[in-house]
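Topology and contacts: notes
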Amino acid sequence: DAGITQSPRYKITETGRQVTLMCHQTWSHSYMFWYRQDLGHGLRLIYYSAAADITDKGEVPDGYVVSRSKTENFPLTLESATRSQTSVYFCASNTGPGSPLHFGNGTRLTVT
Amino acid sequence: GQNIDQPTEMTATEGAIVQINCTYQTSGFNGLFWYQQHAGEAPTFLSYNVLDGLEEKGRFSSFLSRSKGYSYLLLKELQMKDSASYLCAVSYSGAGSYQLTFGKGTKLSVIP
């Protein structure tokens, strides 16, 4: 079925380790986004991408790296995980300004 | 970042009507979305306003005043399943970029 899928759903990692969260969409949407959601902060934009090979920073990009070599994939990498990066991460996609975001089911990441 | 304000929590009675307000900065504005998010789940799209006025969709309506930087979501005939967080999200464009910024969400509790 068409949709947007994230993997893994749950991840526990240790401080200092590198971890990559995957996001795959089958709609051929141009735009893809990574948000983190924390109590008291709501959804905050980490990075977004307007098309393959085009990415841009959001509100909270420090400590994260993204790439978009193919339209359908938008992985998010934490280069050296910190406890402050414990959060729920949502990937989303849309066709551009004015169109609604479609969210994946989220990845709950715990950094110990 | 852009400031988007909405109440943190609200409580309403089953069968009643509730209005959830959202205020935002108007610079670069090009549309406003409302999302519903049940606990432990991803946000789902409810409505989109780009022009001033009221958009009605069944029990849910959303209003926008661009000049005042104000929107509200109106939920009628409340049901227990409407207990969820409601997120206001504003689409901004400028300097060749586009971002969708979320408020912190309003947690609505529907009581019998």
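Above this text you will find the structure in question.
First, a word on what this report is: a plain description of the structure on this page. No experiment lies behind these values; they were computed from the predicted model shown.

**Quick look at the pattern of salt bridges**
Opposite charge on two side chains makes pairing possible when the charged atoms of those side chains draw close. Under the defined criterion, the tally for this structure stands at 5 salt bridges over all chains. With its nearest N and O atoms 3.4 Å apart, the salt bridge here joins A:Glu14 to A:Arg17. As a salt-bridge pair, B:Lys76 and B:Glu56 come within 3.6 Å of each other at their nearest N and O atoms. Here B:Lys76, found in the loop between β8 (70–75) and β9 (84–94), pairs with B:Glu56, found in strand β6 (residues 53–57); they are 20 residues apart in sequence, far enough to count as distant. Given the relative accessible area of 27%, B:Lys76 is considered partly exposed. The exposed category is assigned to B:Glu56, whose relative accessible area is 55%.

**A look at the sheet that holds strand β3 (residues 19–25) of chain A**
Strand-to-strand pairing in sheets goes through backbone hydrogen bonds, with the strands running parallel or antiparallel. Residues and elements named next belong to chain A. On the basis of which strands lie adjacent, the open sheet formed by 4 strands has the order β1-β3-β8-β7 and antiparallel pairing. Whereas interior strands pair on both sides, the edge strands pair on one side only; in this sheet they are β1 (4–7) and β7 (64–66). On average, each strand axis in the sheet is inclined to that of its neighbour by 15°, with strand direction left out of account. Sheet analysis places β1 next to β3, joined by 4 bridges and oriented antiparallel. Following the sheet pairing, Thr 5 is matched in β3 by His 24.

Calculation criteria
- Residues numbered from 1 in each chain as written.
- Chains lettered and ligands numbered in written order.
- Predicted model: local features only at pLDDT ≥ 70, side-chain atom pairs only at ≥ 80, totals over all residues.
- Heavy atoms only, no water.
- Salt bridge = Lys/Arg side-chain N within 4 Å of Asp/Glu carboxyl O.
- Helix = DSSP H or I, 4+ residues; strand = E, 2+ residues; numbered from the N terminus.
- Buried < 20%, exposed > 50% of the residue type's maximum accessible area, 1.4 Å probe, protein only.
- Pairing = 2+ DSSP bridges.
- Axes fitted to C-alpha atoms, helices over the stretch in contact; angles between N-to-C directions.

Any link to function would need more than the numbers given here.
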